[in-house]
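Residues per chain are reported as follows:
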Amino acid sequence: MSFSSISFLFLFMGLVCLCYWLIPRQYQTAKLVLLFVAGLLFYTWGDAKALPVYLLSVLFNCFAGAEIGEVLDEEGTRPGDPRPQRAKVRVIFAAAADLAVLALFKYSALAMPVGISFYTFSAMSYLFDVYYGRTEDRGNFLTACFYITFFPKLISGPIVEYKDMAEQIDYRTLSSSDFTIGTTKFIAGLFKKVLIADNFQALVADISGKQTMAAGTAWLCMIYYSLELYFDFSGYSDMAIGLARIFGFQFDENFNYPYLSQGLTDFWRRWHISLGRWFRDYVYIPLGGNRKGKQRQIINLCVVWILTGVWHGSTLNFVFWGIYHGCLIMLERFVVPGVERWPAAVRIFFTDLLVGIGWIFFFCPGLGASVHFMGQMFGAGGLGFVNKETVYYFTGNLVLLVAAVICCGPGLKKLNAKITASGQAGRVVSTVLVALLFALTIAYMVGSTYHSFLYFTF
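Definitions and limits used
- Residues numbered from 1 in each chain as written.
- Predicted model: local features only at pLDDT ≥ 70, side-chain atom pairs only at ≥ 80, totals over all residues.
- Heavy atoms only, no water.
- Helix = DSSP H or I, 4+ residues; strand = E, 2+ residues; numbered from the N terminus.
- Rg over C-alpha atoms; globule rule 2.2 N^0.38 Å.
- Buried < 20%, exposed > 50% of the residue type's maximum accessible area, 1.4 Å probe, protein only.
- Contact = heavy atoms within 4.5 Å.
- Lys, Arg positive; Asp, Glu negative; His and termini not counted.
- Charge placed at Lys NZ, Arg CZ, Asp CG, Glu CD.
- Patch = residues over 30% accessible without salt bridge, like charges linked within 9 Å, V, L, I, M, F, W, Y side chains within 5 Å.
- Areas by Shrake-Rupley, 256 points an atom, 1.4 Å probe, with all protein chains shown as cover.
- Salt bridge = Lys/Arg side-chain N within 4 Å of Asp/Glu carboxyl O.
- Expected span 1.5 Å × (residues − 1).
- Arc of directions from axis to C-beta.
- Domains from an automatic or database assignment.
- Buried area = accessible area lost by both parts, 1.4 Å probe.
- Core = buried A, V, L, I, M, F, W, Y, C linked by side-chain atoms within 4.5 Å.
- Phe/Tyr/Trp six-rings, centres within 6.5 Å; stacked < 30°, edge-to-face > 60°.
- Axes fitted to C-alpha atoms, helices over the stretch in contact; angles between N-to-C directions.
- Parallel < 35°, antiparallel > 145°, perpendicular 65-115°, else oblique.
- Nonpolar A, V, L, I, M, F, W, Y, C, P; charged D, E, K, R; others polar.

Scanning the protein from N- to C-terminus turns up 19 helices and zero strands. For 458 residues, the compact-globule estimate of 2.2 N^0.38 gives 23 Å, and the protein sits close to it at 23 Å. Projecting the C-alpha coordinates of the protein onto the three principal axes gives extents of approximately 70 × 60 × 45 Å. Out of the 458 residues in the protein, the part that is buried amounts to 51%. In the protein, the share of contacts with a sequence separation of at least 24, taken over all contacts with a separation of at least 6, comes to 75%. For the protein, the distance from the average site of its 35 positive side-chain charges to the average site of its 29 negative ones is 5 Å.

If you want it as structure tokens, here you go:
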């Protein structure tokens with residue numbers, strides 16, 4: 001089920017919110033049970049055939065975490081103590097089983113369950129956080145079940161780490177301000193997805209289907225896809241964060257205006273922040289991070305970026321994409337001197353250029369197609385740099401392009417904050433504007449073709 005569907009907005013979400021808010025505040029367990037059931041229904045609605053795989057994953061990891069917690073309790077292990085061998089064996093076995101199932105579906109002809117990469121990483125976060133003692137919870141089965149099945153983050157992230165959510169499951173507040181903030185965040189994400197990302201998706205599908213094109217047309221396609229991917233995934237993340245806030249859970253931002261980054265390292269601190277944090281906490285730091293010298297740091301970075309590529313997809317394109325970004329980050333850190341002294345605009349331009357070229361490996365079906373497309377960008381199509389087609393795709397979508405560029409920065413958010421902070425009248429104006437934006441988005445959804453989220457395939 002998609003957040004940007006009429007059935008989700010006015011049937012599923014409407015009923016879940018109504019029931020959740022009708023349950024008295026003192027019955028927190030009942031609220032959690034409701035959300036747990038909602039998570040199962042949400043997944044079943046979206047991919048009923050994959051439900052057995054999903055349920056087995058949830059149950060396996062919840063039992064494994066509970067068993068690890070029992071071992072730690074029996075051994076009297078505290079945070080910072082060496083982990084007992086019995087716990088180490090169990091966490092390695094459970095994580096290996098998770099990765100084996102993930103690899104089976106990613107690299108075989110079997111149909112891949114929706115969201116398997118995201119819920120598998122969530123489950124592994126639970127195992128690791130219990131094992132390392134990063135939370136007071138020592139493997140509570142019911143808490144773990146709720147954490148893995150919480151539907152706002154279930155299908156496409158953000159990958160909220162267990163240690164960041166466990167305390168909120170037991171101790172959280174719920175207020176009208178949470179509902180207001182969450183609803184506004186959700187509507188902003190819905191706008192990004194429906195009115196910006198979906199329009200770029202149609203453009204990219206039209207342009208990329210051509211065998212030959214002018215160089216300028218190919219460059220436009222790369223730019224349009226870069227914007228489509230950002231607004232699609234950041235829109236989903238905003239909706240997920242907003243939904244969680246409606247239920248009293250506060251998630252960190254998953255995107256922080258990444259196309260304003262002043263370097264590749266800066267970009268990956270702003271793009272899909274939760275995935276980067278996951279690899280940092282559970283792969284990079286356990287391998288030694290940057291604490292064991294430059295050579296070991298380079299090896300650790302290589303491991304992280306190859307795994308990042310593999311996580312995104314099963315074709316060589318994604319592996320190459322991971323190696324590409326890993327090499328660029330190492331060049332930025334260790335080879336190219338004085339980058340930080342370049343003008344900010346120059347750093348932003350080159351960062352977006354290099355990132356955009358990398359996205360080609362995302363939307364092309366293979367390495368050969370990627371190389372062919374890049375050849376088109378540099379004139380291999382034999383149609384020059386600009387032709388009538390280029391002008392058509394540029395001028396016909398100039399308003400959309402300008403709107404997208406504006407929304408890539410914090411200007412509108414800051415303006416809304418100023419309006420809201422101006423007093424009661426300002427808050428009314430802000431509420432009316434958000435309501436109008438929601439109405440416009442719904443009207444567009446009713447009259448347009450449904451487009452699924454890009455990250456549903458990962």
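Quick look at a nonpolar patch on the surface now. Among the surface-exposed residues, L331, V335, V336, W342, V346, F349 and F350 lie close enough to one another that they form a single nonpolar patch of about 600 Å² accessible area. At the level of secondary structure, the elements contributing two or more residues to the nonpolar patch comprise α13 (316-335) and α14 (344-363). Per element, the largest residue contribution to the nonpolar patch is three residues, and it comes from α14. When you line up the elements, W342 lands in the loop between α13 and α14.

On to helix α12 (residues 294-312). Helix length check: α12 (19 residues) gives 27 Å between terminal C-alpha atoms against 27 Å at 1.5 Å per residue, within 8%. Among the residues making up α12, those that are buried are Q297, N300, L301, V304, W305, T308, G309, W311 and H312. Seen end-on, α12 carries its buried residues on one side only, within an arc spanning 165°. On its buried face, α12 is in contact with α4 (85-106), α5 (116-132), α10 (264-268), α11 (273-284), α13 and α14.

With that settled, the discussion passes to the domain arrangement of the protein. One frequently used descriptor of interface size is the decrease in accessible area upon assembly of the parts. Per the domain assignment, the segments making up the protein are domain 1 (6-172) and domain 2 (177-406). Put simply, the middle of domain 1 and the middle of domain 2, counted by C-alpha atoms, are 28 Å apart. Tallying the contact residues gives 36 residues for domain 1 and 29 residues for domain 2. Overall, the association of domain 1 and domain 2 removes approximately 2900 Å² of surface from exposure, summing both partners, and the carbon and sulfur fraction of that is 71%. Counting every contact that joins domain 1 to domain 2 gives one salt bridge.

Take helix α9 (residues 215-246) next. The end-to-end C-alpha separation of α9 is 46 Å, in line with the 46 Å expected for 32 residues at 1.5 Å each. For α9, a buried count of 29 out of 32 residues is recorded, marking the element as mostly surrounded by other parts of the structure. Just past α9, the residue G248 takes up positive phi, approximately 95°.

The phi dihedral of Y257 is positive, around 50°, even though this residue is not glycine. On the secondary structure map, Y257 appears in the loop between α9 and α10. The buried category is assigned to Y257, whose relative accessible area is 18%. For H272, which is not glycine, the phi dihedral falls at a positive 45°.

Right, let's talk about the nonpolar core for a bit. Among the nonpolar cores identified, the biggest contains 129 residues, and F8, F151, F247, F249 and W359 are the most heavily contacted of them. At 18 residues, α9 tops the list of elements feeding residues into this core. The residues that make up this core include at least three from each of domain 1 (6-172) and domain 2 (177-406). Look past the residues within four positions of F247 in its chain and what remains in contact with it is M13, V16, C17, Y20, L35, F150, F151, R172 and L174.

A few words on the packing of aromatic side chains. Scanning the entire structure with this criterion turns up 65 aromatic pairs. Seen from their ring centres, F3 and F42 are 5.8 Å apart, and the 40° between their planes marks the pair as tilted. Pair noted here: F3 is in the segment before α1 (6-22) and F42 is in helix α2 (residues 28-47), with a separation of 39 residues, a long-range link. For the pair F3 and F42, one class covers both residues: buried. On the basis of an interplanar angle of 70° and a centroid distance of 5.1 Å, the ring pair of W268 and W305 is categorised as edge-to-face. Pair noted here: W268 is in helix α10 and W305 is in helix α12, with a separation of 37 residues, a long-range link.

What follows deals with the pattern of salt bridges. For side chains bearing opposite charge, pairing can occur when the charged atoms are close. Scanning the model with the defined rule gives 17 salt bridges in all. Between R134 and D129 there is a salt bridge; the shortest N-O distance is 3.5 Å. Since its relative accessible area comes to 32%, R134 is described here as partly exposed. Accessibility expressed as a relative area gives 0% for D129, which makes it buried. Here K193 makes a salt bridge to D198, at a shortest N to O gap of 2.9 Å. Linked by salt bridges that have partners in common, E161, K163, R280 and D281 make up one network.

Looking at where C19 falls in the secondary structure, it is placed in helix α1. As for C19 and K185, which are separated by 166 residues in sequence, their C-alpha atoms are 21 Å apart.

In this section: the packing of helix α18 (residues 411-421) against helix α19 (residues 424-446). Between α18 and α19, the least distance of the axes is 6 Å, while the angle of their chain directions is 135°. Looking at the two axes, α18 sits oblique to α19. Touching N416, I419 and T420 of α18 are G426, R427, V429 and S430, all from α19. Grouping the constituent residues of the contact of α18 with α19 by class yields two nonpolar, four polar and one charged.

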